[in-house]
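Observations on the model geometry
One-letter residues, chain by chain:
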Amino acid sequence: MKRRDFLRKHTAVLSTPSAAITGSLASPQSTDDPTKRKGKTSPSKPTSSSYPPTDKETSLPSQELAPAFANQIMPAIARTAAGLEPYTGSWGYAQAAHLLRRCMFGPTRTEIETAAASSMNAVVAQLLTPAPTPIGPLNAHPNSGGEFGKPWTNEPFNWDYNGYRNYSLVTWWTGLLLNQGVSLTEKMTLFWHNHFVTSTTIYSPHMSYNYQRKLRKHALGNFKTLAEVMTIDEAMLVYLNGFQNEVKGPNENYARELLELFTLGKGPLIGPGNYTHYTEDDVKAAAKVLTGWYTWYQGVNPDDGKGIFHPERHDTSTKQFSAAFQNRKITNTGNREYLDLLNMIFAQASPATFLCRKLYRWFVYYVIDEAAEQNVIQPMAKLLRDNNYEVAPVLKALFSSAHFYDIVNVGCLIKSPLEHNVGLFRQLEAVFPPASQPSNRYWMWELVNWHSKSTYQEIGFPPVVAGWPAYYQAPQFNELWASSVTMPLRKEARRSLIQDQGYYWQNTSVNINLIALIQRLPAEVARDVNQLVTTFARLLISDEPNPARIPVYKEALLGNLPDFEWKLQWNDFLANPTDNNKREAVLGKLKNLFHTLTDEVEFQLL
Amino acid sequence: MKRRHFIKTATTAATVPLVIGHMPAHAHTISAELAAVTAADQPTNRVLVLIFLEGGNDGLNTIIPRDQYTGLMAARPKVAIPESKVLALTDKVGVHPSMPGLKNLYQEGKIGIVQGVHSANPNGSHFEASNVMFSGLDSVLPFQTGWAGRYLDNIFPGYPQDYPNPQMPDPLAITLGGLSSGILQGPFVNTSLAVRDPAALGQLVNGPSDPVPNTPRGHEVKYLRQVIASLNAYSTSLKNATTKAKNLSTKYPANNYLAEQFKIVAQLVAGGLQTRIYVCNYGGFDTHGGQVDASDSTKGHHANLLQGLSEALAGFQDDLKLLGIQDRVVGMTVSEFGRRVYAGAGLGTDHGEAGPMILFGTNINPTIHGHNPDISGTDKEYVRLQYDFRTIYTSILQDWFNVAPDTLKQLFPSQDTPNGFPYLPVIKTSTPPPIPGIGNGLTSQYYNGMNFDTLRLTRIDPTVDFNWGANAPDASVQGNQFSVRWSGQVKPRYSGEYTFYVNSDNGRRLWINGQLIIDGWVNDWNKEYSGKSTLTANQLIDIKLEYFDDIGAASVKLEWQSASQSREVIPKACLFSQVSTLANGTYRLMSKSSRKYIDVYGQSKAAEAILHQWALTGNLNQQWQIENLGSNYLKLTAAHSGRVMDVAGLSMVEGATIYQWDWKNSQNQRFKLTDVGGGYYSLTAQHSGKCVQVAAKAITNAARIVQGTYLGEAHQQWQFERLSPARMDHTEESITLGNQVQLYPNPADQAVTISWEGIAQQTVYLSVANLAGVVVYEQAVYGSQQVVDTAQLKEGIYVVTVRNGSSVVTKKLLVNR
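The present account deals with the structure reproduced in this document. (Residues numbered from 1 in each chain as written. Chains lettered and ligands numbered in written order. Predicted model: local features only at pLDDT ≥ 70, side-chain atom pairs only at ≥ 80, totals over all residues. Heavy atoms only, no water.)

A few words now on the packing of aromatic side chains. Summed over all chains, the structure comprises 65 aromatic pairs over all chains. Aromatic pair W521(B) and F548(B): ring centres 4.8 Å apart, planes at 75°, arrangement edge-to-face. Of this pair, W521(B) sits in the loop between β19 (515-520) and β20 (528-535) while F548(B) sits in strand β21 (residues 541-549), placing them 27 residues apart in sequence. Among the aromatic side chains, those forming a connected cluster through ring pairs are F191(A), W192(A), F196(A), F223(A), Y254(A), F262(A), F346(A), W362(A), Y389(A), Y471(A) and W481(A). The ring of F603(A) is capped by K415(A), whose NZ or CZ atom sits 3.7 Å from the centre of that ring. The ring of W400(B) carries the charged tip of R46(B) above its face, separated from the ring centre by 4.6 Å. (Phe/Tyr/Trp six-rings, centres within 6.5 Å; stacked < 30°, edge-to-face > 60°. Helix = DSSP H or I, 4+ residues; strand = E, 2+ residues; numbered from the N terminus. Lys NZ or Arg CZ within 6 Å of the ring centre and 35° of its normal.)

Structure representation (structure tokens):
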């Protein structure tokens, strides 16, 4: 787009996606005027698509594609035409690092090197293996009721303990991220948390725990099943007022978000109250379908935390849906009726494409251009539908695809706070208090959570029902994470961790040990300044560090001393491991190196 | 889009330390031009505060229609506020009982209400509705720009490249909190700085500025560098602002998230930031359930939110008043939608459509616009729209920020409403006009010694508001026992008696219009001095302030106040340095007596071609490129010939011919500019001390231009008509020519085509000037377009001026390769 021309563009152009405006990927849609649709006509003919041909929803309006970058001053960037076809290129450190960075929170050096020595198929299979189900959050605080050090999840509900139990829950959850293995379970659990949002603000830790447990259980499972589970999940019934939805006074909150945010997604406003995929009247009809569900009063329903159906609160009338649902009617089937609704929704095409775009933004990049839509999103969506909404085949295809490993998709996602903070602790191989000290352990996990919270991502506490804005708010998306407020706070989290070799609180601490980190390297790498610096630059910054920056990293380590000086000092320290002066000399240099490496803006990217 | 040298912001910040209250020495060489181009001089002291009530505020329980109780109780029996509990504003309109603070403000004339505000295309999604509200556009899938972001981008083009700069040393806008608001998303970047604790903004290491790859990774690397550069560039100015002003009100509520944001806004505005727009966020309004307590509908979640809003607003207004900035700040609430008329069983309300907007500030029109919803009739289910969001946005921009209607149409393109949105007087009609003119501050002379002993430094200070502590004002001046004289003129906005205040450590005396009104030439401190003077609006009056510091702390502040305006530091826009001057650029020189122009005879390009006066032709031989050589000595170069104005033969004689000659930098080619008042100047040849005048006081064409002894007569006085960049008030384009002038491509690389279809068949005068006002291209063209070679131009922003008779259009051109 010409830089100063925008004021002369009318609205249609202002709201046309970047792919169309920037031209190189221009499609027939680029001349389409979305405003002409308003009110009367149906969406314009879509870009010709070979795939999948059966589906009216291939006519996804261009508006749902990627918007332009927020920052138009940046150069126009190359994108790729590579699609979901299998990746056949080489497999090594770079590919393994890319895959694990996207699928985990801060893969360690060893994890990356192990994956690099394996094969793509083997690593993807490992990632798709669900992690074991953990024991629940513990009574890690004297005031959380029940036996100290044991889970509170089977203890009775008690208002007095809610605060500590909520704290225990989110801290425990943070601990799961810190202690993850090579599996997609945690990243996908968080994905679903950001999708089927509830918040610990419902102030029922048992419900929130059950909600989390279900997300985790279905993390690599079935989208439709999870939607069914969530629709009558007690935490969800509270969070989106489903328990207040009754025949004598419907509450539309859950119905609206089910359609808009959880399944069908927003389409353009093509008529009064008509959002293409559903209408305002559909929201009202869906709300009626969902009347009658209530929660187990305090505590949770022992039957998997499901809501309780009260027939007398249910609207038994026949619910009429719009043309978006082929004018379907849903008749009264009581406590099975929500399944009829979900069957009707999932018979549509848009839930699959909607979810696949979200997965794409979560794992690949936030800009979805025409090529990505055609070559990646649509094939993913077809896979999802063909597999009856099982997500594992889709993830497997994505993480084995030429598109995923294309160079343009590497190292371009700005880390979320959790990726930044959990990743920092994991990649620096921080040592937390042992499981035998639950209170201390939870306190230190809480520190990690606290850093994330202060930079606007608190696990268990998404700000709004749409999740964290970085995953939905055009045009900035991930760039929202990095601001003049958060960047100094991220810096501070790193600074104190590295400078003090950990955090200390009263009688406990989480520790990092940079010297031990180096000692775990092969000896010939540890003593060679070039290899040492490159190894950690590859871990923390990029698979191929900018050669111009290597001297900067070396200078951080050594000042202006010649290369061999590191070998001398390191060997000197190894020969005198108890000499504190020699230890401090080496440690001071390593701190400088890690400050410098993690202060690179590229450290913010994965 | 081509690569931009974007990271320049960072290097600028690194090499030019930003000192609030001072201008870097080179600053004013570009400031006037930049001001003219960007209209950045327009009321820089005005501030707009937006409060996003996130979630969709229930308007019917906020601004309550007292005449709709039958319908209200039927639709929401358990949620409606009992009629007897409503706090009445008028016989028809009341407010929620938890908002006595709001009622008080209304009674003080500081609250305006607009009923039934929404988008013409209601959307039940929080996120789409928010985007519509943020964008001020018809259709926003996907969301791309916010309305305030577009406005700021229009005023400050090219941001963030070359920002901060002396003209705009502060963030264009600030979002309170960690994530920049969509309202401030400009077409190219988000125009706001996210601020949570301005006093604690850190500095981060600027990384390398090497080129990045043309990939998404490169894009994000650049973005992250920009975040750091902005932070580094602005952290000092924000910190300084927090040290200059403290919150004064004790009425802020405790533990109130909105109040905490207001405190920061008040402090930053009072601390002197020129930031125009602040966005605050106040969430929790999505009251599907539990909106009210079951036992008492005046209590509960929504009541708490409204109480918080009301108390925060009361504290904020009180603070603004105590800080003396209440007349400079207006604000308004926005929410993505109102809520449904009927309530659900869960004591809450679902998503609705229109809702009320609350405006606040002393300059808000303190009235209720629009009518109550008709709950038994048209508004049975949804409160319907009376005013599009954009009516309020555009009216505020027009009245508060002086944006012209044509520009508003460009900022708010709409298929539905192509001719602009209806105007609504939400700002007081008696609101004073923006500060006239472009003040630049006062001339300051800094001396060592307490009695003006040794002159060490002369400069222009934008305001007199210094706290040097134990430091020296400048490296060239000693830290103790120094003295300063500020002089120049002051131009008040209102007629009436003004009180001037000087707070200083130590001695001070102040003259207004030659009268000594403050005489405190004594070594004291912590004592306020004041004096009064009656001034006339928009008339320049001499002002002189003298000050000395003995030892220890040093500070001085000059403020004024009148019945028409609250107390403030006399702003830069009202201060004019001692010697008024002309910016470099191209001008025509018109005689005060004949109204004719200095013209080179016969359009001759030859040396020795004489000057005479002639009626306006528009030709280049009436245009003079003026370069100020220092001390207001001008070199005047004829635009058509490149030769300069010259007194023939270095003559000292009365009546000696003036002609054009090659530039030799001799004294008979250097003319001293003197402001003789009323917009006229005299020009005095340096060698002879005689002035440029029309021979024999003639008023006819072809009368010669000669030198003569200056007697203060009209034929010796000249008006300088600025041609490039064209003098602009607040419009980018004149109404006459409208959009007929086009530049393409823009950004340009090797060449740009300038076309003016519709006004063809006339001669048009084109000029291209850079932001320093230097004309790089000038041509009279007959036709409808002209291709201008830009290959030799440096990258940057240029101003293209197309003049046709009295119509002038200016366009910004970006050269970018």
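Residue P475(A) is bonded to the preceding A474(A) through a cis peptide linkage, with omega at -5°. Cis geometry marks the peptide bond from Y744(B) to P745(B), where omega comes out at -10°. Among the structural elements, P745(B) can be located in the loop between β37 (741-744) and β38 (751-756). Of note, F477(A) is a non-glycine position whose phi angle comes to about 45°, a positive value. Relative to the elements of secondary structure, F477(A) occurs in the loop between α19 (438-454) and α20 (486-499). Looking at F477(A), the relative accessible area reads 3%, which means it is buried. (Buried < 20%, exposed > 50% of the residue type's maximum accessible area, 1.4 Å probe, protein only.)

Residue and element names in this part refer to chain A. Of all nine residues in helix α9 (residues 223-231), eight are buried, a share of seventy percent or more. Along α9, the residues classified as buried are F223, K224, L226, A227, E228, V229, M230 and T231. Where α9 begins, the capping side chain belongs to N222, and its oxygen is found 2.8 Å from the backbone nitrogen of K224. (Polar contact = N/O pair within 3.5 Å; in protein donor to acceptor, adjacent residues only side chain to side chain.)

Our focus in this paragraph is the sheet that holds β37(B). All names here are of chain B. Taken in spatial order, the three strands line up as β37-β38-β41 in an open sheet, and their pairing is antiparallel. Of all strands in the sheet, those bounded by a partner on one side alone are β37 and β41 (785-789). Within this sheet the neighbouring strands show an average axis-to-axis angle of 20°, counted without direction. As defined by bridge partners, β38 adjoins β41 across five bridges and the pair is classed as antiparallel. Each residue of the ladder has a partner; that of A751, found in β41, is D789. (Pairing = 2+ DSSP bridges. Axes fitted to C-alpha atoms, helices over the stretch in contact; angles between N-to-C directions.)

Residue and element names in this part refer to chain A. Mapped onto the fold, F148 is located in the loop between α5 (120-127) and α6 (162-178). Judged by its relative accessible area of 43%, F148 falls in the partly exposed class. Each C-alpha atom, one on F148 and one on P438, is 8.6 Å from the other, the two residues being 290 residues apart in sequence. Once you skip the residues sitting within four places of it in the chain, F148 turns out to touch N139, A140, H141, P142, P438 and S439. (Contact = heavy atoms within 4.5 Å.)

For the α-helix, the turn length of 3.6 residues means that residues three or four positions removed from each other point alike. Residue and element names in this part refer to chain A. With 20 residues, helix α26 (residues 580-599) extends 28 Å from end C-alpha to end C-alpha; this agrees with the ideal 28 Å at 1.5 Å per step. The inward-facing, buried residues of α26 contact α18 (417-427), α20, α21 (514-519), α23 (529-540), α24 (550-558) and α25 (564-575). The opening residue of α26 is D579, an N-cap whose side-chain oxygen sits 2.9 Å from the backbone nitrogen of N581. (Expected span 1.5 Å × (residues − 1).)

What follows deals with the pattern of salt bridges. Enumeration over the complete set of coordinates arrives at 44 salt bridges over all chains. In this structure, the salt-bridge partner of E627(B) is K635(B), at a minimum N-O distance of 3.9 Å. With a relative accessible area of 36%, E627(B) lands in the partly exposed category. Since its relative accessible area comes to 16%, K635(B) is described here as buried. By sharing partners, the salt bridges in this structure join E252(A), R256(A), E280(A) and R340(B) into a single network. (Salt bridge = Lys/Arg side-chain N within 4 Å of Asp/Glu carboxyl O.)

Residues and elements named next belong to chain B. In terms of burial, strand β10 (residues 355-360) is a largely internal element, six of the six residues being buried. Bridge count for strand β5 (residues 111-118) against β10 is five bridges, and the pairing is antiparallel. If you follow V117 over to β10, its bridge partner there is G355. Pairing between strand β9 (residues 329-334) and β10: two bridges, direction antiparallel. From the neighbouring strand, G331 faces β10, where its bridge partner is F360.

Below, the discussion takes up the pairing of strand β6 (residues 508-511) of chain A. Side-chain positions along a regular strand alternate between the two faces of the sheet. Residue and element names in this part refer to chain A. Pairing geometry for strand β5 (residues 502-505) and β6, over four bridges, is antiparallel. Note that in β6 the partner of W505 across the bridge is T508. Where β5 hands over to β6, the hairpin turn is made up of two residues, of which Q506 adopts a positive phi near 50°.

For the rest of this paragraph, the subject is the sheet that holds strand β2 (residues 63-65) of chain B. All names here are of chain B. Read across the sheet, three strands follow the order β2-β4-β3 without closing on themselves; strand pairing throughout is antiparallel. Of all the strands in the sheet, just β2 and β3 (87-88) have a single pairing partner and so form its edges. Of the pairings in the sheet, the one linking β2 to strand β4 (residues 93-95) comprises three bridges and is antiparallel in character. For P65, the partnering residue across the bridge sits in β4 and is V93.

As a further point, take the packing of α20(A) against α26(A). All names here are of chain A. Taken N-terminus to C-terminus, the directions of α20 and α26 make an angle of 165°; their axes are 10 Å apart at the nearest point. In terms of orientation, α20 lies roughly antiparallel with respect to α26. In this structure, α20 crosses over α26, and the sense of that crossing is right-handed. Every residue of α26 that contacts α20 at K491, R494, R495, I498 and Q499 is listed here: K591, F594, H595, T598 and D599. (Parallel < 35°, antiparallel > 145°, perpendicular 65-115°, else oblique. Left-handed = near helix turned anticlockwise from the far one by under 90°.)

This brings us to the packing of helix α11 (residues 253-263) of chain A against helix α14 (residues 350-363) of chain A. Residue and element names in this part refer to chain A. At a minimum axis distance of 9 Å, the contact between α11 and α14 shows a crossing angle of 55°. Considered as vectors, α11 and α14 are oriented oblique to each other. Of the residues in α14, those touching α11 at E260, L261, F262 and T263 are S350, P351, F354 and K358. Grouping the amino acids of the contact of α11 with α14 by side-chain chemistry returns four nonpolar, two polar and two charged. (Nonpolar A, V, L, I, M, F, W, Y, C, P; charged D, E, K, R; others polar.)

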